[in-house]
Amino acid sequence: SVTAATTITVNPVAEAPIVNSFSADPTTITEGESSILSWSVTDATSVTIDQSIGSVALISTTTVSPIITTIYTLTATNAAGSVTAMTTITVNPVVPILLINYPMDPGDTGGDTISRGFYIKDFPGTSLSRVDLWVSASASWDYTLELTARESSYNGKIVEKSQATKYLYGDKQLITFNFSSNPVQKNSIVTFSINKITGPDSCYYSVHGEYGGIAEGDILVLQTNGTTPPLDSHRRYGIAIRVYGNE
């Protein structure tokens, strides 16, 4: 008899990578805080995470600080293909608080011309989110005003500029300038100057009396005669203003 034999080689079927875990801790943060991404992957030749993180090890962690709610996607790849996993970090915005509150009083004057600047001598927060002023105009019209905040002096580094448009008529219309919560050094000097972008006539912002009913030592906002250094061209202590930011 004759016997013949043959060998058949069976190659194992390649299996896709396994993402054992991919998570964030904590999953909810407040803007400015951080979260830690953690992951564990097996049987992968490469692992990447989007949102500019890039190539990573199979097992590791990284700290992230998203400023808005963000979905992170992990992609694990080998010869059999790719698999993905996702995790979400929810970012709650910082809610600005009222830092300075010198509201307009019915007895306030119609105002001083916007060519006069003012400054906060001891800024009580760490960011600037909003400024409310009460503004009058000689002629009723749609006016666009720009409020510029600077560090230390009228020619200091710009913190931010904000424009606001409002139909001004008569005296003392509330106008709100919104800022992007840019950081400000706490207890520093912050100056403000106003520029008219559009509108046919002069504008004025509401001011208090010499002290505006506030004890001199407690006054944070001082007005100057112009918007050029130095800050010692004092005009009056009180203006009608509300300032919002973060502590």
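Below, the structure is looked at part by part. (Residues numbered from 1 in each chain as written. Predicted model: local features only at pLDDT ≥ 70, side-chain atom pairs only at ≥ 80, totals over all residues. Heavy atoms only, no water.)

What to know about the overall build of the protein
Definition in use: Think of it this way: any DSSP run of H or I at least four residues long counts as a helix, any run of E at least two long counts as a strand, and we number them from the N terminus. Two things to know: the radius of gyration comes from C-alpha atoms, and the globule rule equals 2.2 Å times the number of residues to the power 0.38. When a residue's accessible area, from a 1.4 Å probe over protein chains only, is under 20% of the maximum for its type it is buried; when over 50% it is exposed; and in between it is partly exposed. Contacts were defined at the residue level, with two residues in contact if any of their heavy atoms lie within 4.5 Å. Only the protein chains shown count as cover for residues, and the accessible areas themselves come from Shrake-Rupley with a 1.4 Å probe. Neither His nor the chain ends contribute to the count of charged residues, in which Lys and Arg are positive and Asp and Glu negative. Note on charges: their place is set at NZ of Lys, CZ of Arg, CG of Asp or CD of Glu.
Counting its secondary structure elements, the protein contains zero helices and 20 strands. Taking 2.2 N^0.38 as the reference for a compact globule, 247 residues should give roughly 18 Å; the C-alpha atoms of the protein span a radius of gyration of 30 Å, well beyond that estimate. For the C-alpha atoms alone, the extent of the protein along its principal axes is close to 125 × 40 × 30 Å. Residue burial in the protein is summarised as follows: out of 247 residues, 40% are buried. Relative to all contacts within the protein whose residues are 6 or more apart in sequence, the contacts with residues 24 or more apart total 72%. Here the protein displays about 12900 Å² of accessible surface, and carbon together with sulfur accounts for 50% of that area. The centroid of the 13 positive side-chain charges in the protein is displaced by 12 Å from the centroid of its 22 negative side-chain charges.

Focus on the nonpolar core
Just so we agree on the cut-off: For our purposes a nonpolar core is just a set of buried Ala, Val, Leu, Ile, Met, Phe, Trp, Tyr and Cys residues, chained together by side-chain atoms within 4.5 Å.
Ranked by internal contacts, the top residues of the largest apolar core, which has 34 residues, are Phe118, Leu133 and Ile241. It is strand β12 (residues 127-137) that contributes the most residues to this core, five residues altogether. With sequence-adjacent residues up to four places away left out, Leu133 is seen in contact with Phe118, Gln173, Leu174, Ile175, Phe177, Ile194, Ile239, Ala240 and Ile241. Formed by 17 residues, the second largest nonpolar core is a distinct cluster that contains Ala24, Val41, Ala44 and Ile49.

Some remarks on the sheet that holds strand β11 (residues 118-120)
Under the convention used in this document: The criterion for strand pairing is that DSSP finds at least two bridges linking the strands in question. Orientation is described by axes fitted as lines to C-alpha atoms, over the contacting stretch for helices, and by angles from 0 to 180 degrees between their N-to-C directions.
In space, the six strands of this open sheet follow the order β14-β13-β16-β11-β18-β19, with antiparallel pairing throughout. In this open sheet, the two strands that pair with only one neighbour each are β14 (158-168) and β19 (234-236). On average, each strand axis in the sheet is tilted by 35° relative to the strand beside it, whichever way the strands run. Note: strand β18 (residues 221-224) against β19, two bridges, orientation antiparallel. Bridge pairing in β19 places Gln223 opposite Arg236.

These results come straight from atomic positions and should not be treated as a statement about function.
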